[in-house]
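# Fold and contact review
Each chain, written out:
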Amino acid sequence: MKGDANVRGAVIFPSLLIVVLLLLAFLSNAPVGDAIWLNLPTSGTKCVSEEIQSNVVVLADYVVVSEDHGHIPTISVKVTSPYGNNLHHKENVTHGQFAFTTQEAGNYLACFWSDGHAHGGGDVSVNIDWKTGIAAKDWESVARKEKIEGVELELRKLEGAVEAIHENLLYLKSREAEMRTVSETTNSRVAWFSIMSLGICIAASGLQVWYLKRFFQKKKLI
C-alpha cells in the first residue's frame, strides 16, 4: 500500500508540473494589450471605448504614423469616464500617453480627431496601444522591488492574471444581477400595463354597450 501511494505521488507531481508549465507558456505568449489602428478623416472624430470595472489601471500610448517623415500631422485627444469626467485632453500633438485608475464602472471613451493639417488632405493614421488591468502592470518594477525573477516572476504574473479573471467574473456576476433586476422590473411593469389596458378596454366596451342600449331604448327600437 505504501509503495502504491509513492507511485501515485510520483505520477501526480509531474502532472502538476506540466500543468503549471503550460499555464506559464500560455501567459508568456498571451497578448499583453490591444493595439488599435485608427484612420482619422480630415473632418470628424473617431472613438474607441471599453467597458471597464472600477479600480482598474488603464494605460495607453498613442502615436501618429506618417509616411512623410518631414511632415507629421497633429491630432487632438480626449478621454472621458462613463459619467463624462475629463480624464485626458491634449491638442496639436503627434504622440502621447494617458494613464488613470477607474473610479466607476462603465464605458470609457477615447476620441481622436485630426487638426486638419494633414499633408495632401488625406486620412491620418494613429496607432493606439491600450492596456488594462494586469497587462498595464509594470512587472519589471515589481521584480526589482521584490527581488524575484524567472519562474517565480512568471508565477506572480499568473497569480495576477487569475485574480484579474476572478474580479472580472465577480463584476460580470454583479452586472448580470443588475440586468436581471431590471428585466424583472420591466416585465412586472409590462404585465401591470397589459392588465390596465385590458381593464380599460373592457370598461370602454361596457360603456359602449350601455350607451347603445339606452340609445335604442329611447328610440323605442328595442
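Owing to the predicted nature of the structure, the values given are computational and were not obtained by experimental measurement.

Time to look at the state of the cysteines. Tallied over the full model, the rule gives 1 disulfide. For cysteine 47, the disulfide goes to cysteine 111, at an S-S distance of 2.0 Å. Judged by the sign of its S-S torsion, about 105°, the cystine formed by cysteine 47 and cysteine 111 is right-handed. Remark: cysteine 111 occurs in strand β7 (residues 106–114) and cysteine 47 occurs in strand β2 (residues 45–52); sequence separation between them is 64 residues. Note on cysteine 47: relative accessible area 37%, which makes it partly exposed. By relative accessible area, cysteine 111 is classed as buried at 13%.

A word on the pattern of salt bridges. Applying the stated criterion across every chain, the model contains 4 salt bridges. A salt bridge links arginine 175 to glutamate 51; the nearest nitrogen and oxygen atoms lie 2.2 Å apart. Separated by 124 residues along the polypeptide, arginine 175 in helix α3 (residues 151–218) and glutamate 51 in strand β2 bring together distant segments of the chain. Between aspartate 129 and lysine 131 there is a salt bridge; the shortest N-O distance is 4.0 Å. When its relative accessible area of 22% is taken as the criterion, lysine 131 is described as partly exposed. When salt bridges that share partners are traced, they join Glu51, Arg175 and Glu178 into one network.

For the structure on display, the rule yields 6 aromatic pairs. With centroids separated by 6.2 Å and ring planes inclined at 35°, the aromatic side chains of tyrosine 62 and phenylalanine 98 adopt a geometry described as tilted. Remark: phenylalanine 98 occurs in strand β6 (residues 95–101) and tyrosine 62 occurs in strand β3 (residues 57–65); sequence separation between them is 36 residues. Under the relative-accessibility criterion, tyrosine 62 is labelled buried at 3%. The class of phenylalanine 98 is buried, set by a relative accessible area of 4%. The interplanar angle of 15° and the centroid separation of 6.3 Å between the aromatic rings of phenylalanine 98 and phenylalanine 100 together place this pair among those described as stacked. Both residues of the pair, phenylalanine 98 and phenylalanine 100, count as buried.

Further remarks concern the environment of serine 81. Positionally, serine 81 belongs in the loop between β4 (75–80) and β5 (86–93). Given a relative accessible area of 6%, serine 81 falls into the buried group. For the pair serine 81 and glutamate 104, spaced 23 residues apart in sequence, the C-alpha separation works out to 7.9 Å. If we skip the residues at most four places from it in the chain, serine 81 touches Leu87, Glu104, Asn107 and Tyr108.

Attention now goes to the UniProt feature "transmembrane region" (unreviewed entry) in the chain. According to UniProt, the "transmembrane region" (unreviewed entry) feature falls on residues 190–212. Along residues 190–212, the helical share is 100% and the strand share 0%, with 33 Å between the first and last C-alpha atoms.

Turning our attention to unusual backbone geometry. If a residue is not glycine, its phi is most likely negative; likewise, a peptide bond is most likely trans. The backbone of asparagine 55 shows a phi angle near 60°, a positive value even though the residue is not glycine. By secondary structure assignment, the location of asparagine 55 is in the loop between β2 and β3. Judged by its relative accessible area of 62%, asparagine 55 is exposed. Non-glycine residue asparagine 92 carries a positive phi angle of around 55°. Here asparagine 92 lies in strand β5.

With that settled, the discussion passes to the sheet that holds β2. Taken in spatial order, the 4 strands line up as β2-β7-β4-β5 in an open sheet, and their pairing is antiparallel. The open sheet is flanked by β2 and β5, the only strands paired with a single partner. Between one strand and the next, the sheet's axes are offset by a mean angle of 10°, whatever the strand orientation. Of the pairings in the sheet, the one linking β2 to β7 comprises 8 bridges and is antiparallel in character. Paired with cysteine 47 across the strands is cysteine 111, a residue of β7.

What counts and how
- Residues numbered from 1 in each chain as written.
- Predicted model: local features only at pLDDT ≥ 70, side-chain atom pairs only at ≥ 80, totals over all residues.
- Heavy atoms only, no water.
- Disulfide = S-S within 2.5 Å.
- Helix = DSSP H or I, 4+ residues; strand = E, 2+ residues; numbered from the N terminus.
- Buried < 20%, exposed > 50% of the residue type's maximum accessible area, 1.4 Å probe, protein only.
- Salt bridge = Lys/Arg side-chain N within 4 Å of Asp/Glu carboxyl O.
- Phe/Tyr/Trp six-rings, centres within 6.5 Å; stacked < 30°, edge-to-face > 60°.
- Contact = heavy atoms within 4.5 Å.
- UniProt positions renumbered as here; feature names shortened; annotations may be inferred.
- Pairing = 2+ DSSP bridges.
- Axes fitted to C-alpha atoms, helices over the stretch in contact; angles between N-to-C directions.

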